[in-house]
Each structure stands twice: as C-alpha cells, then as structure tokens.
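Per-entry structural report
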Amino acid sequence: MAEVSVTELAKTVGASVDRLLLQMKEAGLSHSSADAMVSDDEKQTLLGYLKGLHGETSAEPKKITLRRKTVSTLRTGNRKTVNIEVRKKRTYVKRSDEDIQIQADLEAEAKAQQEMEAVIEPVVEPIVEPIVEPIVETVAEPVVESLADAPEESVAAPVIKRSSGTDDVEERRLAAIANRRKAENDLRLAAEQKEREKLEEVARKAAEEASALASEEAKKAGKTTKQVVTPASEPVQDKGRRHGKPVDDDEDKLAKKAKKPLGKPGKKKGRLRLDDGDDRGQKNRLKSSGIVLKVDNKHTFKKPVDKKTLEVAIPEELTVSELAGKMSLKSGLVIKELMKLGVMANINQVIDQETAFLVVEELGHQPMAAVEDTVEDELTKHFETIESEVDGQPRAPIVTVMGHVDHGKTSLLDRIKKTHVASGEAGGITQHIGAYHVNTPKGMVTFLDTPGHAAFTAMRARGAQATDIVILVVAADDGVMPQTEEAIQHARAAGVPLVVAINKMDKEGADPERVTSELGSKDVIPEEWGGDTQFMKVSAETGDGIEGLLEAVLLQAELLELKAPVNVPARGVIVEARVDKGRGIVATALVQQGTLAKGDFMLAGESVGKIRAMTNELKQPITEAGPSIPVEILGLDEAPNAGDEFFVVADERKAKEIAELRVTKSRHDRMSRQQAAKLENMFSDMSSEKVSRLNLIVKTDVRGSLEAINSALNDFATDEVAVNIVASGVGGITESDINLALTTGAIVLGFNVRAGGSAKALAEKESIELRYYSIIYNLLDEVKLALSGMLAPETREEIVGIAEVRDVFRSPKFGAIAGCMVIEGSVFRNKPIRVLRDDVVIYQGELESLRRFKDEASDVRNGMECGIGVKDYNDVKSGDLIEVYNVTQVERSL
C-alpha cells in the first residue's frame, strides 16, 4: 500500500487525529503533526502496540491473501459490448521453523538418493543391459521398419494403429521395466550391506587400536585414565547413512593404517580429545586415533532476572566517566540522560553533585552524598576529641553588647571600663567590633562592642555567634528600633540568653514602661511579668544601675556553668583583621579554649603564620592568653575574614595544606558565582534594556567594615542602575588601585584610609576621582545620590486644553481644517496633540496651523472659536475632540 497521512489514517480507523498521534508516540513512532506520512511498516508497528495493550500477541501474520479484480469490455461483431470481470486470488503462507526444517530434510534426502544412484548405476548397468536390450529390439524393430516403408502422408496412421493394436508388446515392456527396477533395488541393498560391513570393520579396528594406545600410555604414566569409548555401531550408523552420502575412500586408508603393528619406533601416541556431542564431529572423530571424552557443553551463565538497584555515592564533583563507572553503565547512557536534562557534556566533563543526583535517579539507582574525611575534618575531630577528654576549668563569660545606633552601647561600656572610647569614634558611632577584657569587683568579663548601624548586620551576627550572653541596650527615650529587633533575632538564632539594659534613664523623656511593653510584644518578657529575661535600668552618663547590670550578667553566666580546657592547643574566633602599614597583618582574636602563646603556628581561614607578637586591648605586649581573653596578634601571611575560626597546630605542613585547600575551594566558588552572574546578566540584558552601572573601587581599614560597605552598596541595585565593585580590599590606596580605576573608569572610595604620595600624584595626573570617608552613612548617601543621577528622568503629561470639532472645511493649502470651539483650558500651537473619537485616541501628532479668523494665533483660550490644521492627518470629523497636552520630565531618586 502507498503511504498515507496521519489525518487519512485517523479517518480510516475512526479516531481523532490527536488521539492517534498520542498512540503513535506511545508506540515509539516520531510523528508529531497531522500531515506526517505513515508507511506500512509503521502501521504494523502501531498495530502490534495496540494489540499488546489488549493482551494480544503482536506477532506477524502467518497468512496473507491478495485479491485482485479487473474489469474489461469486449465488443462483439454486432456492436454489442460485454463486461468481463477477472478475479484473481493468491495466498502467501509464512512457513514455520518446523516446516522449513522438514523441507530441508526432504531436499537433503533427495540429494542423497541422487548421489546413491550415481554410485550404483555403473554396477547395475552391465547386469541389466543384456536383459533389457533383446526386449526393446523385438518390440521396436517392426515398428521402425513399417514407418520407413510408408509414404510421408501416411506416417501418422501407423502410429495411431500401434497404440491400439499392440497390447501384448505393451505388457512385455511393462514387465521388463518392473524386472529392471527389482534388479536395481536388489543390487542397491547388496551394495549398502557390503559398505555397512566394511565400515563396521574399520571402526572396530580403529577403536581397538585407540584403546590399546590409551592403555599403553596410562601404564607408562602410572595412572589409570577414565575412558569413554564410543561404540562401534554408533559411528557406523552415522557415517554410513548420514544424509544418504556414500562411504568415503578415507575409511580404506584408515583401515590400512589400523592394520599396522603397535609399538613401532617413531609412531605417534594417541591423544585425548574432547567431544562436544555434535554430529558434525563424527567424521573427524573416526579419523582420529585418540580417546573421545564426552563433555556436556552447556552454558553455566544465567542472565539476571531483576534489575539491580545500586546505592551510588556521589562526591561534590566528578566526571561523567566516573559516574558511569559507579553505576556499571556505559558513558553514552549517562551522556544521553544529561542531554535530556539540557546539559551538553563529554566523558571527561566535570559535573556537580546536584546534576549527578538527577542523572542517577533517572537511571533507576539510589544516589547518596559521599562522605569524605578531609584533612580539615580530621583537624576538627582532633580538637573536639581534646575538648571531650580534658576536664574544663571555669572561664569568664563573653558578653556582646547589641542595640540600635546611638542608643549608648559604647558609652555604657565606657562607664564599665572607666575609659572614654566613644569620643574617639568617628561621628560618635561604633564602626568596628571592639573586644575588651574587664576585671570587675564581681569577676572578670569579656565584652564585644558591635556596631548598631544598619550596614553592620553581618558584624552583629558574628558577635552573637561568638558570645555567651547578649546585653540588649535600648534607649528609654527612643524605644524599640529596627536594629533592636534585628539584635533580638540574632540572639535567638544563636541560642544566647538576653539581658536588657534600658539606657538613658537620666533624660527627661525616659519612658521605661513603653520600652518594656514594646519588648514584650517582641516576645522578650521580663521576670516581673513571669518571663525569663532580666530588665535593668541604667544610665551611662551618671553610672546608675551599672553594678546591678554586672551582677545580672555574672548571675546569668553562673547559671550557664561556662568551662573550657586550658592546657591544650588554642582554638577560637577571629573578631577583626586589618592591615597596619608599620606592622603588617593585625588580627583581633578571641580565645575560646586552650592557651594561645607567642611562637605558636596558627591556621585562621585561608591564612597561616607563626605568631610574632601579641598585645592586649591596651596595646601592652603579652606572651600568652587563656580562654575568653581577646588579643591582637601579628604574623599571619594575609588578613583573615572576620568570623573565621582559628586553630593552633603543631604540624606546619598540614596547616599549609588545609589553607591551600580552602583557597582552592574559595576560588572555585567565586568563579562559579561569577559564571552564574554572567549568564544571569546576559539573559537579563537580552530581555530588558541595558543596566547602567557605577564602577567603584573600595578600600577600608578593617575587614568587617569592608564586608558591611560592599553588602550595603550591592543593596542599591535596581532594574536600571547598579553598583559594580571592581575591586575591594583592606589597606591604603596604592598605584595599582589608581591604574585599575583608570582602566575601568571607576571612582576610588577610601574608608578610614588614604592614598600614598605616588598614588595621589598619579590620580591627579589622570584625573581619577578619590573620595575619603570616616562615617559609613556619608559614603552610602553619596553613592545613592550618584546612582539617582544615573536614573532616566520620569516623563509626565499634563493636559492643558481640549477643543471640540464643530465643522470641517477643505483648504487647498492645508487640507482638512477643523473648525473648533475650545471647551477646556487653552490650545497652544507649539504643543503636541491627540485626536479622540468616541473617547478613543485615533491619532497623536502636532498642530500644523492655529488661526483665529484669518490671523495666526499662538494660543486660543477657553470659550473661543478657532481653526486647527492637524499635520499629516486629514480624517478629522465633526464631533472629534482635539486634546492639547504638555510633557515635563521629573528627576527620579532611589
């Protein structure tokens, strides 16, 4: 049959096109449209699938019947026509494997019969010829003579007469044929019997010779070989009658060879030979002089029935070939699944753990994350083991002071320490984490002073994680503010108890009850109301309530039972780090357990180094520091990040190895984020207008301030403008920073740092803008103002007048002129207009002419008539409205 489309096939089978396409897709066919062509093979595939759905077998038909009908017209002599219809029917039957085997056996038997006759004919012919020849001559000679004497016209007559008048001759001929067939049969049986006897004799002698040789060989070796000798009758039967073939002359040679006496010098010994039990080996077996051992040639491998589900351990990264090896699959199958997921990869491509999980699940296995004990994990376990084995000693509490900006946190600590730190802070606000170790009459306490400005969220979170108790400072005259709520959230996230200090009680507008109720709404319940939080009323200015606050802190610390081992390697957290021009990398470290001593080798984040010097918060040099003691250390190779955990290790090689691993991982994560950002920016640029970016280079004095500024600047990003921080770092502004700014067109911002002499001269020469700041919100306000200037102005429209068309006149110079009445505002000649019909804008453009009577007019006021000519528009009709509007641009801000 010819190919048909999916639509035609759907009409034939009585189904909808969509349903037929769905069934073809389920059957594995690639048709997706109604115009696709369907071949006979594809129809057969679809039929087999549909039969399988109903429990039928999808085997091919065993019988095909073809019917053909043709109609033709036959004209007779008397101008009549006769319609002749010819019907033909032909049936093709597909033979089974058994029928094919039977046919092959019959053909082989016929072929063997022919070969047998070819062998017997030379033997039978000399015997049969003398018997048959006289009979043929007696019958045939009279007939031939009579035919030779008769004329040509009458040759046919005697032949007819011979067929009717010679019955006795016919009987003798048939008898002669029967005798001949009988003689041939007897001779054939005699020849077969003779050949059979000959083969039996040859096989018997061969078997005897093989048995004798095997026995002799076994005696020489001193062993008895287990023999399985094939009986003589078996190979004779197979050899003589197999496929009807005559006996080969090779058996005569073999028989002569078997008659040779045994034990002659130079005779080859018989060898053991394995027999696979197949008939095809019979001929070769008869020719061999070795012993035939019967072996059951049967496969022992069994194909697994059920699919085996594997648990595949997947590391963070692995190649496609490694993943395929873990599942015992070919790499092509894994690449195919990755292509389905939209990932183009080769066998050497590295894929991440998340993608590998999806591939393993799609292939029917169970993925699991591989747990690899790295050098860093071993280090952490080592310190945890030391902490659990060594008995701890009581240590001082670490207290973090948190609260909103300008609520008096530093002044409160100043009163406790009897120093004046707040006056030294730029703008009177804290911009670094300060760590102080204070000896009070009630005991020793370590304080961490965190910034309260909104930009220092990360600093406050680190302070809460490294502390034991949080003092929440709230101004009595200001109440709960945004950073107050954030401090409560950080304390709860770290699981640290709170002590509330209501400060500025000496002011006239102090209202502690309002503060208590506001904190109660945030689930900070005082003890007087049945809660578990201590509320203390203090004044940093007068010192009232300070002693009670310290007692509350020490009471809370006593309830916590704080302990730490002392005589073990030190472990703690980096509070802050900076680059000092004279001393190099200076890091503020808080010891949490063990004893930190001068000369120890320290690992802190990605930096390592030997401690060259240690000072306390008063800049006094010290040689060691115990638990809960903050110190400044020198000797690290680079500034660690604030919040990094530090360890004291004895093996310098292992410490450097861990640092290198961390650097590699950090670089890889940074590159991954950059690549993701590039892709996101590419797609966002394709889908929207290009974003205006402000390039900046940021340099600060300490690492914590740098993180806070970068985070705040990135928060300014919108769909139209964004900050691009080209480079950032800790330390002074150098010439390389100026050269980078020159290349990228960036502005250099310095926070509590300055440019060196050469860098400043280069900046003035190349006109690079340098800006210095000491207060963070001044920096953020100026950057925000610069971004606002980069925003496109907002366009606003204001309708200034509306004129109604009363009549339309035709002018050869201006075309259609609308006679209008101004019904609202004023109509101006040099402003844009819109034409409205049934309150729908049908044209937007400008005026070509505006006249009052015959005179040109610049504007026409409300209630006056005028003639208006609309530029490039002549379809003005009576009843239309002409709207005149003014366009203004308004500057935008973030």
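Per chain, the residues get numbers from 1 upward, laid out in the order the sequence is written. Side-chain atom pairs in this predicted model are given and counted only at pLDDT of 80 or more, local residue features only at pLDDT of at least 70, and totals for whole chains, interfaces and linings cover all residues. Derived side-chain values reflect all non-hydrogen atoms in the structure, with water molecules and hydrogen atoms excluded from consideration.

**What to know about the nonpolar core**
Operational definition: We call a set of buried Ala, Val, Leu, Ile, Met, Phe, Trp, Tyr and Cys residues a nonpolar core when their side-chain atoms join them within 4.5 Å. Only protein chains enter the accessibility calculation, which uses a 1.4 Å probe; a residue is then buried when its area is under 20% of its type maximum, exposed when over 50%, and partly exposed in between. Secondary structure elements are defined from DSSP: runs of H or I of at least 4 residues count as helices, runs of E of at least 2 residues count as strands, and each element is numbered from the N terminus.
V399, L412, I416, F447, I471, A501 and L549 are the most contacted members of the largest nonpolar core, which has 24 residues in total. Listed by contribution, the elements that provide at least two residues to this core are β12 (398-403), α14 (409-417), β13 (434-440), β14 (443-449), β15 (469-475), β16 (498-503) and α18 (546-560). In terms of nonpolar packing, the next biggest core, distinct from the first, is built from 21 residues, V698, A712, I776 and L780 among them.

**Re the pairing of β14**
To keep it simple, the criterion reads: A pair of strands is treated as paired once DSSP finds two or more bridges between them.
The buried fraction of β14 is high, at five of seven residues. Pairing of β12 with β14, which is carried by four bridges, proceeds in the parallel orientation. Of the residues in β14, the one forming a bridge with V401 is D449.

**Describing the sheet that holds strand β19 (residues 571-580)**
Where we set the bar: Under this scheme, a helix contributes an axis fitted over its contacting stretch, all axes are lines through C-alpha atoms, and angles between N-to-C directions fall in the 0 to 180 degree range.
A barrel is described by the order of its strands in space; here six strands give the closed sequence β19-β20-β25-β23-β22-β26, paired in antiparallel fashion. Here the strands of the sheet are splayed against their neighbours by 45 degrees on average, with no regard to which way each runs.

**Things to note about a nonpolar patch on the surface**
As a reminder, the rule being used: Here a patch means residues that are over 30% exposed by relative accessible area and free of salt bridges, tied together within 9 Å if like-charged and within 5 Å if nonpolar (Val, Leu, Ile, Met, Phe, Trp, Tyr). All accessible areas in this document rest on Shrake-Rupley with a 1.4 Å probe, and a residue is counted as covered only by the protein chains that are shown. Salt bridge, as applied in this entry: a Lys or Arg side-chain nitrogen positioned within 4 Å of an Asp or Glu carboxyl oxygen.
On the surface, L74, V82, I84 and V86 cluster together into a nonpolar patch covering about 280 Å² of accessible area. With three residues, the top contributor of residues to the nonpolar patch is strand β4 (residues 81-93). Structurally, V82 is set in strand β4. With relative accessibility at 39%, the residue V82 sits in the partly exposed group.

**With respect to the packing of helix α2 (residues 17-26) against helix α3 (residues 40-53)**
Cut-off, in case you're wondering: Each angle receives one of four descriptions, namely roughly parallel if under 35 degrees, roughly antiparallel if over 145, roughly perpendicular if within 65 to 115, and oblique otherwise. Between two residues, a contact is recorded if the distance between any of their heavy atoms is within 4.5 Å. When residues are grouped by polarity, Ala, Val, Leu, Ile, Met, Phe, Trp, Tyr, Cys and Pro land in nonpolar, Asp, Glu, Lys and Arg in charged, and all others, Gly among them, in polar.
α3 packs onto α2 with a crossing angle of 85 degrees between their chain directions and a minimal axis gap of 9 Å. The orientation of α2 with respect to α3, classified from their angle, is roughly perpendicular. Taken together, the residues of α3 that come into contact with α2 (itself represented by L20, Q23, M24 and E26) are L46, Y49 and L50. Its residues assigned to classes, the contact of α2 with α3 shows five nonpolar, one polar and one charged.

**Details of the pattern of salt bridges**
By the definition in use, this model includes 31 salt bridges. Here R571 ties to E645 by a salt bridge, and the two come within 2.7 Å at their closest N and O atoms. One end of the pair, R571, is in strand β19; the other, E645, is in strand β26 (residues 645-648), and 74 residues separate them in sequence. Note on R571: relative accessible area 12%, which makes it buried. Owing to a relative accessible area of 33%, E645 belongs among the partly exposed residues under this scheme. A salt bridge links R583 to E632, with the nearest nitrogen and oxygen atoms 3.9 Å apart. Residue R583 is located in the loop between β19 and β20 (584-593), and its partner E632 is located in strand β25 (residues 630-636); the two are separated by 49 residues in the primary sequence.

**Topic: the side chain of H31**
Here is the rule: Side-chain atoms alone can form a polar contact between residues adjacent in sequence; in general such a contact is a pair of N or O atoms within 3.5 Å, and within protein one must be able to donate a hydrogen while the other accepts it.
With respect to the helices and strands, the residue H31 is situated in the loop between α2 and β2 (37-38). Taking the relative accessible area as the measure of exposure, H31 reaches 10% and is therefore buried. Among the polar contacts made by the side chain of H31, one reaches the side chain of E42 at a distance of 3.1 Å. The contact partners of H31, leaving out residues within four places of it in the chain, are V6, L21, M24, A36, M37, V38 and E42.

**Some details on the environment of L779**
With respect to the helices and strands, L779 occurs in helix α23 (residues 776-790). Put simply, L779 and L749 are 30 residues apart on the chain and 8.2 Å apart in space, counted from C-alpha to C-alpha.

**Side note on the packing of aromatic side chains**
How we decide: The criterion for an aromatic pair is that two Phe, Tyr or Trp rings (for Trp, the six-membered ring) have centres within 6.5 Å, with stacked assigned to planes under 30 degrees apart, edge-to-face to planes over 60 apart and tilted to the rest. By definition here, charges over rings are those cases where NZ of Lys or CZ of Arg is within 6 Å of the ring centre and within 35 degrees of the ring normal.
Under the defined criterion, the tally for this structure stands at one aromatic pair. Centroid distance Y843 to Y873: 4.5 Å. Interplanar angle 15 degrees. Geometry classified as stacked. Of the two residues, Y843 sits in strand β35 (residues 840-852) while Y873 sits in the loop between β38 (865-870) and β39 (881-890), which places them 30 residues apart along the sequence. The side chain of R754 reaches across the aromatic face of Y772, ending 4.6 Å from its centre. Across from the ring centre of Y885, 4.0 Å away, lies the NZ or CZ of R834, which sits over that ring.

**A short note on helix α20 (residues 703-714)**
The periodicity of an α-helix, 3.6 residues per turn, causes residues three or four places apart in sequence to face the same way. Applied cut-off: Take the number of residues in a helix, subtract one, and multiply by 1.5 Å to get its expected span.
Taking 1.5 Å of rise per residue, twelve residues should cover 16 Å, and α20 covers 17 Å from first to last C-alpha, within 8% of that figure. With nine of its twelve residues buried, α20 lies for the most part within the structure. All of the buried residues in α20 are R703, G704, S705, L706, A708, I709, N710, A712 and L713.

**What to know about the environment of R771**
Positionally, R771 belongs in strand β30 (residues 770-773). Placed 20 residues apart in sequence, R771 and F751 show a C-alpha to C-alpha distance of 8.6 Å. In this structure R771 touches V748, L749, G750 and E782, once residues within four positions along its chain are discounted. One polar contact links R771 to E769, side chain to side chain, over a distance of 2.7 Å.

**Concerning the sheet that holds β30**
Strand order in the open sheet formed by four strands is β28-β27-β29-β30, with parallel pairing between adjacent strands. Because the sheet does not close on itself, it has two edges, and the strands there are β28 (721-730) and β30. Going across the sheet, the axis of each strand differs from the next one's by a mean of 25 degrees, ignoring polarity. Relative to β28, strand β27 (residues 692-700) runs parallel, the two being bridged by nine bridges. Residue pairing across strands places I697 opposite A727, the latter belonging to β28. In the packing of α23 onto the sheet, contacts are made with β27, β28, β29 (747-751) and β30, and the angle to β27 comes to roughly 165 degrees.

**Remarks on unusual backbone geometry**
Excluding glycine, residues mostly carry a negative phi; peptide bonds, for their part, are mostly trans. Positive phi outside glycine occurs at D839, with the angle close to 65 degrees. Within the secondary structure, D839 sits in the loop between β34 (832-837) and β35. Classification of D839 as exposed rests on a relative accessible area of 68%. If you check the backbone angles, D872 has positive phi at about 60 degrees while not being a glycine. Along the chain, D872 falls in the loop between β38 and β39.

**Observations concerning α23**
End to end, α23 covers 22 Å across 15 residues, agreeing with the expected 21 Å (1.5 Å per residue, within 8%). Of the positions making up α23, those classed as buried are I776, L779, L780, V783, L787 and S788. Lining the buried residues of α23 we find β27, α20, β28, β29 and β30.

**What to know about the state of the cysteines**
Formally: Disulfides are defined in this document as cysteine sulfur pairs within 2.5 Å.
According to the stated counting rule, one finds zero disulfides in the structure shown. Unpaired in this structure, C820 has its nearest cysteine sulfur neighbour in C866, at a distance of 5.3 Å. A relative accessible area of 3% places C820 in the buried class.

**Brief notes about the pairing of β25**
Burial analysis of β25 places seven of its seven residues in the buried class, which makes it a mostly covered element. Where β20 lies against β25, five bridges are found, and the strand directions are antiparallel. From the neighbouring strand, A587 faces β25, where its bridge partner is I633. Note that strand β23 (residues 607-615) and β25 share four bridges and pair antiparallel. Bridge pairing in β25 links M614 to I633.

**Quick notes on the packing of helix α1 (residues 6-13) against α2**
One way to put it is that α1 packs onto α2 with a least axis distance of 9 Å and a crossing angle of 105 degrees. Accordingly, the angle class assigned to the pair α1 and α2 is roughly perpendicular. Across the interface between the two elements, V6, T7, L9 and A10 from α1 touch V17, L20, L21 and M24 from α2.

**Observations regarding a negative patch on the surface**
Under the convention used in this document: His is not counted, nor are the chain ends; Lys and Arg add positive charge and Asp and Glu add negative charge. In plain terms, the charge of a residue is placed at NZ if it is Lys, CZ if Arg, CG if Asp and CD if Glu.
Taken together, the side chains of E316, E317, D352, E354 and D669 present a region of like negative charge at the surface. Along the polypeptide, E316 turns up in the loop between β7 (311-314) and β8 (317-319). Judged by relative accessible area, E316 falls into the exposed class, the value being 57%.

**Regarding the side chain of E337**
Of note, E337 is situated in helix α11 (residues 331-340). With a relative accessible area of 11%, E337 lands in the buried category. Not counting residues up to four positions away in its chain, the partners in contact with E337 are V359, E362 and L363.

Nothing here speaks to function; it is all geometry.
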